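Residue-level structure breakdown
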Amino acid sequence: MRRRTLLAGSVAVAGVSALAPERAMAAARPDIGVSAYAFPLSAVRLLPSPFTENAARTQSYLLFLDNDRLLHTFRLNAGLPSTATACGGWESPTTELRGHSTGHLLSALAQAYASTGDTAYRVKGEQIVAVLAQCQTRLGNGYLSAFPESFIDRVEARQSVWAPYYTLHKIMAGLLDMHLIAGTAQALTVLLGMAAWVKARNDRLTLAQRQNMLDTEFGGMNEVLTNLYQLTGDPAHLAAAQHFDHAEIFDPLAAGQDNLNNYHANTQIPKVLGAIREFHATGVTRYRDIAVNFWDIVTRHHTYAIGGNSNGEYFKAPDRIASELSDTTAECCNTHNMLKLTRQLFLTDPARADYLDYYEGALYNHILASQDPSSAHGFQCYYVPLRAGGLKTYSNDYNSFVCCHGTGMESNTKYGDTVYFHDGGSTLYVNLFIPSVLTWGAYTIRQETTFPAAGSTRLTVTGAGTFQMRIRIPAWAAGAQIRVNGGAATSPPAGAYASLSRTWVTGDVVDVTLPMTVRREAANDNSTVQAVKFGPLVLAGLFGSSNLSALPVLDPATLTPTSAGSVALQPFYKVHGQRYSVYWSVTGSPLTAHYPFDGSPADVSGNERTATVYGAGYGSGRTGNALALDGSAGYAALPNGILAAATNFTIALWVRLDTVTTWSRLVDFGTGTGAYLFLTPRSSAGTLRFAITTGGSGAEQRIDGPAALTAGAWTHVAVTRNGNLGVLHVNGVAVAQNPALTVGPAALGSTTRNYLGRSQYADPYLDGALDNVRLYARALSAAEVSTLYTSGS
Ligand SMILES: [Zn+2]
């Protein structure tokens, strides 16, 4: 479907009367190189969800704002009278960026109108456009701004000035949105005047002069002018757009090079958004390569777990994540613009499911997470702190007007724009699980879900006909299932689209189940710094009013959705008004493996080091079941190199001996009789013993307990090594130590004979049961060992 048809659809859904008397001009040029298309915002009505709650707050703010205050500096700049109270913050009369918020406001009003059908937003936007038209007429040459044209002289002359074209872009984009989305003809008239001024102003410059000028942030000038070209077909608009192709940024990106280090992030993202639109306008694949390469580089090498990027507004060296956690991480504008870019790339290549996987994560964990729910007006974060102990802070009604306050108005008025797409024919894409109703020609699709509170959604079709429904199965949703009308389930692969082609009738129901599991995502630059995710959600630890000076330590073994740990985790988007940590240090508590032996050899540490059980079964345990060994041939084997990364370590387990046999083994990890470590319940000296050696039995370093273990009772045994100090614990109490334990497990190399209940030598097999065998690549403290004992785990 081309834009002409989309607009017709928009009119039909919103009601013809709503768009009369001003009708949007139809697009002159179809996009090139796209195979999916967006629905107009008016075709999607959101049903109650966290998104409608955010949207309602922003909508309330849009109607609250006083147009005259937002137009005050425009009027003054044009020599028109204004008695309005000046705004503060970045809209103060002396701030060089003044006027940008008025542009954001126009975009937001147009979107709010289309999303709700409430003409109050459109009327308010039209009133602003009318005053802007007066200001433009008064200025006389097409120029329109809240600051004088001398700012443009300064940016051209490379004199100090903030970012004049950045602000002009916001105004131009707002005007285009008022025209395209709200149908305001006067907005296009004003925009055409501005576009002509931009072209004339830049035609005067040499290529070198223009490229030098582009070192100053200019927003998405190339994007808005390309969008205008697609609307008008006037080659002058494309030429003006291409005046803003910034070679210093585009050339390395076209070659796939990551040169982003130390570049201001949100200066670059809109340029690339312009590049993909220039591809859609021209078919020149270099523009597409720039955009695809940039997206791949940013999302894979510069993006935090919440989907945001930048520290102190700047891109850093590739993969610096854990080393760049601060109070000024993840500027919200960047993700607003990354999501706009992601949508355009999806339209370009809708087979790539990873585009919407990123979109979903950033939408929930950054965009939805950055509005203050206690504010009736949707106050907005600028940065989202990702240091430990971070605290979100927000904008306000009239004294902030930071950039992210502006993009926040836009983000929160267009949540319906990416839920569904179509292919121009008979294919429907269901990309996000947001409760909503889509009107698609003769069909209505109603999506009902409490996602992400629950991992499921239901789509109900009204209307009869044949089409293909392509449902995104997120990469995190292994084990997803789809049922049509309650029939047999199909199991589509994760990270791809599931296709349902059928002749639909009214009342057909599609149920999608998306299992959500807890998992950890390591920072690119430090595998021990990790974030916790549940389905698409980042979970943050709640620390109330407690500031933190370092990353909190997380024991992954304690991480379950119902864990009664000392720190509560909750979806990051719900975390407001208290300190939190998104990232954790797992350095201090790397649980290497944990075998509860509750009827299976599974490792429940999350590391999937499943044991293999030979000649043994499961019987009653200390808690649940235990590994039952018969003393003749039964044992379990653990994966190769099970403690190969550990210098310090802990082995902790519960044992109940049926027979006490000298030299039988609780554990014995090694490569044979030359290099090994073991725990025996009774040595020939009549003691519980730990030993480790890289030189056979003659070189064993030992810790002997005061006595052998006894039969018939569950006993907790643990051995730890911290530096050269080895300690043996029985039932939570340290009973013996060796301060000269100079050999650690890493010295054994990648051990291949890692046994529970069996020796490297021809010793007796263990007769008894083992439960909750835990291995750590660090020394647990005495208190931690004691806790394992008292908890029975
Ligand atoms: Zn911003």
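Note that the structure is a prediction, hence the values are computed from the model and not measured.

1. Here's the deal with helix α8 (residues 164-180)
Between its first and last C-alpha atoms α8 spans 24 Å; for 17 residues at 1.5 Å apiece the expected length is 24 Å, and the two agree. Taking burial as the measure, the 17 residues of α8 include 17 buried ones, the bulk of the element.

2. Describing the coordination of the zinc ion
Between any two of four tetrahedral donors, the ideal angle at the metal is 109.5 degrees; between two of six octahedral donors, it is 90 or 180 degrees. Taken together, E331 (OE), C333 (SG), C403 (SG) and C404 (SG) make up the protein donors of the zinc ion, found 2.2 Å from the metal. Each of the four donor atoms around the zinc ion contributes to a set of angles spanning 91 to 120°, which defines the coordination as tetrahedral. Mapped onto the sequence, the donors of the zinc ion take the spacing E-x1-C-x69-C-C. Here E331 is found in the loop between α15 (285-301) and α16 (332-348), whereas its partner C403 is found in helix α18 (residues 403-411), with 72 residues between them in sequence.

3. As for the pairing of strand β11 (residues 509-513)
Judged from the five bridges that link them, strand β7 (residues 456-462) and β11 form a sheet pairing that is antiparallel. The partner of T460 across the bridge, within β11, is V509. One ladder, built from four bridges, connects strand β9 (residues 481-484) with β11; its direction is antiparallel. Residue pairing for β11: I482 is matched across the bridge by V512.

4. Notes on the sheet that holds strand β5 (residues 436-440)
The antiparallel open sheet is built from six strands, whose spatial order is β2-β5-β6-β7-β11-β9. The open sheet has two edge strands, β2 (44-46) and β9, and neither has a second partner. Strand-to-strand twist across the sheet, computed as the mean angle between neighbouring axes with direction ignored, equals 15°.

5. Quick word on the nonpolar core
Judged by nonpolar contacts, the single largest core of 177 residues is most densely connected at L175 and I471. Filtering out sequence-adjacent residues up to four positions away, L175 remains in contact with L106, V129, L132, L144, A187, V190, L191 and M194.

6. A word on the pattern of salt bridges
Scanning all chains against the criterion turns up 32 salt bridges. Here D763 and R665 are joined by a salt bridge, their closest N and O atoms 3.3 Å apart. Of this pair, D763 sits in the loop between β31 (753-756) and β32 (767-776) while R665 sits in the loop between β23 (649-657) and β24 (667-670); the two residues are 98 residues apart in sequence, bridging distant segments of the chain. One exposure class covers both D763 and R665, and it is buried. Salt bridges here are not isolated pairs; linked through shared partners, they connect E149, D153, E156, R201 and R204.

7. Quick notes on the side chain of Q136
Looking at the element boundaries, Q136 is found in helix α6 (residues 119-139). Relative accessible area serves as the criterion here: at 11%, Q136 is assigned to the buried category. Sequence-distant contacts of Q136, defined by excluding residues within four places in its chain, comprise G142, Y143, L144, V190, G193 and M194.

8. Structural notes on the UniProt feature "domain: LamG-like jellyroll fold" (unreviewed entry) in the chain
The UniProt entry lists residues 647-783 under the feature "domain: LamG-like jellyroll fold" (unreviewed entry), expressed in the numbering used here. Between the end C-alpha atoms of residues 647-783 the distance is 21 Å, and the span holds 1% helix and 45% strand.

9. A few points about the domain arrangement of the chain
Splitting the chain by domain gives domain 1 (1-9 + 45-218 + 397-413), domain 2 (425-513) and domain 3 (591-791). Computed from C-alpha coordinates alone, the two centres of domain 1 and domain 3 are separated by 68 Å.

10. Considerations on the environment of L62
Structurally, L62 can be placed in helix α3 (residues 50-64). When its relative accessible area of 0% is taken as the criterion, L62 is described as buried. Along the sequence, L62 and L109 sit 47 residues apart, while their C-alpha atoms lie 6.9 Å from each other. Apart from the residues lying within four places of it in its own chain, the contact partners of L62 are L105, A108, L109, A112, Y121, K124, M409 and T413.

11. Re the pairing of strand β21 (residues 625-630)
Of the pairings in the sheet, the one linking strand β20 (residues 617-620) to β21 comprises four bridges and is antiparallel in character. When the bridges of β21 are listed, S620 appears paired with N625. Across four bridges, β21 lies against β32 in antiparallel orientation. The partner of L629 across the bridge, within β32, is G768.

12. Looking at the state of the cysteines
Counted according to the given criterion, the structure contains zero disulfides. In this model C332 remains outside any disulfide bridge; the closest cysteine sulfur is found in C404, 5.0 Å from its own. Between C381, a free cysteine, and C332, which holds the nearest cysteine sulfur, the sulfur-to-sulfur gap is 5.3 Å.

13. Observations regarding the packing of aromatic side chains
For the coordinates displayed, the defined rule picks out 39 aromatic pairs. Ring geometry for Y165 against F244: centres 5.2 Å apart, planes inclined by 70°, an arrangement best described as edge-to-face. With Y165 in helix α8 and F244 in the loop between α12 (235-242) and α13 (247-254), this pair connects stretches of sequence that are 79 residues apart. Residue Y165 is classed as buried on the basis of its relative accessible area, which comes to 2%. Over the ring of Y398 we find R69; its NZ or CZ atom is 3.8 Å from the centre of that ring. Taking the ring centre of F151 as reference, the NZ or CZ of R154 above it sits at 4.8 Å.

Criteria and cut-off values
Residues numbered from 1 in each chain as written. Predicted model: local features only at pLDDT ≥ 70, side-chain atom pairs only at ≥ 80, totals over all residues. Heavy atoms only, no water. Helix = DSSP H or I, 4+ residues; strand = E, 2+ residues; numbered from the N terminus. Expected span 1.5 Å × (residues − 1). Buried < 20%, exposed > 50% of the residue type's maximum accessible area, 1.4 Å probe, protein only. Donors = N, O, S within 2.8 Å, 3.2 Å for Na, K, Ca; no water. Tetrahedral: all angles 85-135°; square planar, octahedral: opposite > 155°, others 65-115°. Pairing = 2+ DSSP bridges. Axes fitted to C-alpha atoms, helices over the stretch in contact; angles between N-to-C directions. Core = buried A, V, L, I, M, F, W, Y, C linked by side-chain atoms within 4.5 Å. Contact = heavy atoms within 4.5 Å. Salt bridge = Lys/Arg side-chain N within 4 Å of Asp/Glu carboxyl O. UniProt positions renumbered as here; feature names shortened; annotations may be inferred. Domains from an automatic or database assignment. Disulfide = S-S within 2.5 Å. Phe/Tyr/Trp six-rings, centres within 6.5 Å; stacked < 30°, edge-to-face > 60°. Lys NZ or Arg CZ within 6 Å of the ring centre and 35° of its normal.

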